[in-house]
Amino acid sequence: MVAKMLKNKAFVIVAVVLLLVAIAVSAYAVSSKNKANEAGDLYAKYQSLSSLSRESPVAYYKDEAILKSTFEYHKEAENLKDPEVKDPDYSDMKLLKSILTHMMIEDEATQAGLAVSDKEVDDALAEQKSFASQSAEAMQFVTDYCASAGITEDQYWQDGRETLRSLMVENKHIEAFDQRYINEKGWSADALDSFQRDELRSAYKDYLEQLYQSHKKDIRILIEG
């Protein structure tokens, strides 16, 4: 299930994006050596920028800052995506809103007790390793990526832990919403038709917009749209 979840994510909101980039790129059959090198170079660049002691934030959610280097990293990561999965309506402000919304999701998930245990992360990471090992293309991507990023394969998977944890928390948040909505509608979770699934995804999208609007007082945006 986690592998399927990873394929469906447009991007990762946490700082280190290595795991998702590799799996997503290989999943869309564009994992060329050049693509792997570009992704690895981007990681190395981010690591260099994030080591700076004084960085300016681009926004705050409550007391948590989104640093400029993190924001710029996600902007550049957008360019690595296959055209078929890029957001045609992309804008800097839309990206920033997505990052802030994800922070709100994690906040709400924590309050709702939707934590992800270390064992769950370990099991999911093992599943990802197995998934990758069955694809020569994916493993070649990892090898080329690590060479460009200047890291070992062990570092690659270790750095991917928090990315994976973040995705799993978000997935739990989605599943909790889905269950509430399905119960309210009186539907059968095991027999949803295409119209019900579309309604469910639309309802969750609306819910995230409401969540964002409800937290606008907690947001400070320091860049111009």
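Keep in mind that this is a model prediction, so the values were computed, not measured.

Undergrad: Explain the overall build of the protein to me, please; I cannot follow it from the model alone.
TA: Broken down by element type, the protein carries 9 helices and 3 strands. Each helix (α) and strand (β) of the protein, taken in turn from the N terminus, gives the series α-α-α-β-β-α-α-α-α-α-α-β. Scored against the burial criterion, the 225 residues of the protein give a buried share of 44%.

Undergrad: Looking at this structure, how should I read the pairing of strand S2 (residues 64-67)?
TA: Two faces belong to every sheet, and in a regular strand the side chains alternate between them. Bridge count between strand S1 (residues 57-61) and S2: 4 bridges; the pairing is antiparallel. In the sheet register, Ala59 faces S2, and the bridge partner there is Ile66. Hairpin connection, S1 to S2: the antiparallel pair is bridged by 2 residues, and Lys62 has positive phi, about 55°.

Undergrad: I keep staring at the packing of helix H8 (residues 153-185) against helix H9 (residues 194-214) and nothing clicks. Help me out?
TA: In a pair of packed helices, the angle between the axes and the distance between the axes together describe the arrangement. Direction vectors running N to C along H8 and H9 enclose 115°, while the axes themselves pass 10 Å from each other. The way H8 lies across H9 gives a crossing that is right-handed. Here H8 contributes His173, Ile174, Phe177, Asp178, Arg180, Tyr181, Ile182 and Lys185 to the contact with H9, which in turn contributes Glu199, Leu200, Arg201, Ala203, Tyr204, Tyr207 and Leu208.

Undergrad: Please explain helix H6 (residues 118-133) as it appears in this structure.
TA: Because each turn of an α-helix spans 3.6 residues, side chains separated by three or four positions end up pointing in the same direction. With 16 residues, H6 extends 22 Å between its outermost C-alpha atoms, agreeing within 8% with the 22 Å of an ideal straight helix rising 1.5 Å per residue. Along H6, the positions that sit buried rather than exposed are Val121, Ala124, Leu125, Gln128 and Ala132. Along H6, the residues classed as buried sweep out an arc of 105° about the axis, all on the same side.

Undergrad: What is the right way to look at the packing of aromatic side chains in this model?
TA: For any pair of aromatic rings, the description consists of the separation of the ring centres together with the inter-plane angle of the planes. By the definition in use, this model includes 8 aromatic pairs. Here Tyr156 and Trp157 contribute two aromatic rings whose centre-to-centre distance is 4.9 Å and whose plane-to-plane angle is 85°, an arrangement assigned as edge-to-face. Take Tyr156: its relative accessible area is 0%, and that puts it in the buried class. In this structure Trp157 comes out as buried when scored by relative accessible area, which is 5%. Taken together, the ring pairs connect Phe177, Tyr181, Trp187, Tyr204 and Tyr207 into an aromatic cluster. In this structure, Lys97 packs its charged tip against the face of Tyr212, placed 4.9 Å from the ring centre. Directly above the aromatic system of Tyr207 lies the positively charged group of Arg180, at a separation of 6.0 Å from the ring centroid.

Undergrad: What exactly am I supposed to notice about helix H7 (residues 136-149) here?
TA: Over its 14 residues, H7 extends 20 Å from the first C-alpha to the last, a length consistent with the 20 Å expected when each residue adds 1.5 Å. Taken as a whole, H7 has its buried residues at Ala138, Phe141, Val142, Asp144, Tyr145, Cys146 and Ala149. After H7 finishes, the residue Gly150 shows a positive phi value of roughly 75°.

Undergrad: Would you take a moment to explain the pattern of salt bridges for this structure?
TA: Within this structure, the stated rule accounts for 13 salt bridges. Between Glu162 and Arg165 there is a salt bridge, with the nearest N and O atoms lying 3.4 Å from each other. Of this pair, Glu162 and Arg165 both sit in helix H8, 3 residues apart, which is roughly one turn of the helix. In this structure Glu162 comes out as partly exposed when scored by relative accessible area, which is 45%.

Undergrad: So what exactly am I meant to see when it comes to unusual backbone geometry here?
TA: Leave glycine aside and you will find that most residues have negative phi; peptide bonds, for their part, are mostly trans. In this structure, Lys62 is a non-glycine residue whose phi angle is positive, near 55°. Its location among the elements puts Lys62 in the loop between S1 and S2. For Lys62, a relative accessible area of 38% corresponds to the partly exposed category.

Undergrad: What is the right way to look at the environment of Lys81 in this model?
TA: Topologically, Lys81 is positioned in the loop between helix H4 (68-78) and helix H5 (92-111). The class for Lys81 is buried, based on a relative accessible area of 13%.

The rules we used
- Residues numbered from 1 in each chain as written.
- Predicted model: local features only at pLDDT ≥ 70, side-chain atom pairs only at ≥ 80, totals over all residues.
- Heavy atoms only, no water.
- Helix = DSSP H or I, 4+ residues; strand = E, 2+ residues; numbered from the N terminus.
- Buried < 20%, exposed > 50% of the residue type's maximum accessible area, 1.4 Å probe, protein only.
- Pairing = 2+ DSSP bridges.
- Axes fitted to C-alpha atoms, helices over the stretch in contact; angles between N-to-C directions.
- Left-handed = near helix turned anticlockwise from the far one by under 90°.
- Contact = heavy atoms within 4.5 Å.
- Expected span 1.5 Å × (residues − 1).
- Arc of directions from axis to C-beta.
- Phe/Tyr/Trp six-rings, centres within 6.5 Å; stacked < 30°, edge-to-face > 60°.
- Lys NZ or Arg CZ within 6 Å of the ring centre and 35° of its normal.
- Salt bridge = Lys/Arg side-chain N within 4 Å of Asp/Glu carboxyl O.

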